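Structural characterization, general
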Amino acid sequence: MNSSEPFQPADIDTAKRAYQPATLKEIKMSDDIVEELNDVIAVLKGGAIFYRDAAKQVTDPVLVELFRTNADKRDQAVADLSAHVRSHGETPSEGSWAEAAYSWYTSALGTFGDKEATLVAQLEEHEDRTLEELHDAIEDIPAGTPAHTSIMAHLKTFKDTHDQMRAMKKAA
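Residues numbered from 1 in each chain as written. Predicted model: local features only at pLDDT ≥ 70, side-chain atom pairs only at ≥ 80, totals over all residues. Heavy atoms only, no water.

**Some thoughts on helix α6 (residues 146-171)**
Stated precisely, the cut-off is as follows: For helices the rule is a DSSP run of H or I covering at least 4 residues; for strands it is a run of E covering at least 2, with both sets numbered from the N terminus onward. Given the number of residues in a helix, its expected span is that number minus one, multiplied by 1.5 Å. For the exposure calls, accessible area comes from a 1.4 Å probe over protein chains only, and a residue counts as buried if that area is under 20% of its type's maximum, exposed if over 50%, partly exposed in between.
In this model, α6 (26 residues) spans 38 Å end to end at C-alpha, consistent with the 38 Å of a helix rising 1.5 Å per residue. For α6, every residue scored as buried is listed here: Ala147, His148, Ser150, Ile151, His154, Leu155, Phe158, Thr161, His162 and Met165.

Put into structure tokens, the structure is as follows:
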């Protein structure tokens, strides 16, 4: 309809259908999705910091590159999942104090033994926490939603990084 055409009553019905206030159930589902996404984001942000710190502590160029790459993968997933949180009108998580504590703890442990082996072992444990959060989100976020689709897309990436770190841990 352009501005020169008369207003038609059917347009009112179209407008009413276009604007449907959210039900309490939809609001609750939105809150649950945001909470799950923020849990994943917190672990991923902490993991990115952990990996970057680890990259600074090792001298093996292969490990340095691997740790930086794994940090970058987390940054990419955080950016994607943060967009979903914002689409619900919320603010993405700032990170996890627990992941920061693990990073600090690992640095302290590394001063008393094989730093590289300690870092690999602790990063593999971070990978376990990442997969746990992803699986929780997959269970709790309704299938078919954009957020669920994104989580599923990131799951393979983090299964791969987990398997890589687990293999390195076993080889050490």
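Still more to cover.
**Overview of the environment of Ala42**
Note on placement: Ala42 falls in helix α2 (residues 24-57). Classification of Ala42 by relative accessible area gives buried; the value is 10%. Once the C-alpha coordinates of Ala42 and Glu94 are considered, the two residues, 52 residues apart in sequence, prove to be 6.4 Å apart.

**Considerations on the pattern of salt bridges**
Heads up, the rule is: The working definition used for a salt bridge is a side-chain nitrogen of Lys or Arg within 4 Å of a carboxyl oxygen of Asp or Glu.
Enumeration over the complete set of coordinates arrives at 6 salt bridges. Asp75 serves as the salt-bridge partner of Arg52, at 2.4 Å between the closest nitrogen and oxygen. Pair noted here: Arg52 is in helix α2 and Asp75 is in helix α3 (residues 61-87), with a separation of 23 residues, a long-range link. With a relative accessible area of 30%, Arg52 lands in the partly exposed category. The partner of Arg166 in a salt bridge is Asp163, and the shortest N-O contact between them spans 3.1 Å.

**Some words on the nonpolar core**
Formally: Only buried Ala, Val, Leu, Ile, Met, Phe, Trp, Tyr and Cys residues count toward a nonpolar core, and they belong to the same one when joined by side-chain atoms within 4.5 Å. The criterion used for residue contact is that any of the two residues' heavy atoms lie within 4.5 Å.
Judged by nonpolar contacts, the single largest core of 19 residues is most densely connected at Leu37, Val40, Leu44, Leu81, Leu134, Ile141 and Ile151. Elements supplying a minimum of two residues to this core: α2, α3, α5 (115-140) and α6. Sort the elements by how many residues they give to this core and α2 lands first, with 6 residues. Those residues within four positions of Ile141 in sequence are excluded, and the remaining contacts are Ile33, Glu36, Leu37, Ala147, His148 and Ile151. Ala54, Val64, Leu119 and Val120 belong to the second-largest nonpolar core, a separate cluster that totals 15 residues.

**Things to note about the environment of Leu134**
As for its position among the elements, Leu134 is in helix α5. You can call Leu134 buried: its relative accessible area is 0%. In the structure, Leu134 is positioned 20 residues away from His154 in sequence and 8.4 Å away in space, judged by C-alpha atoms. For Leu134, the contacting residues outside a window of four places in its chain are Val40, Ile151, Leu155 and Phe158.

**Points about the confidence of the model for the protein**
Keep this limit in mind: Scored from 0 to 100, pLDDT reflects the predictor's confidence in each residue.
In the predicted model, the protein carries a mean pLDDT of 81, and 72% of its residues have values of at least 70. Summarising per-element confidence for the protein, the mean pLDDT is lowest in helix α4 (residues 97-110) (52) and highest in α3 (96). Ignoring residues within four places in sequence, the model shows residues 19-28, a span with pLDDT below 50, making 2 contacts including any to other chains.

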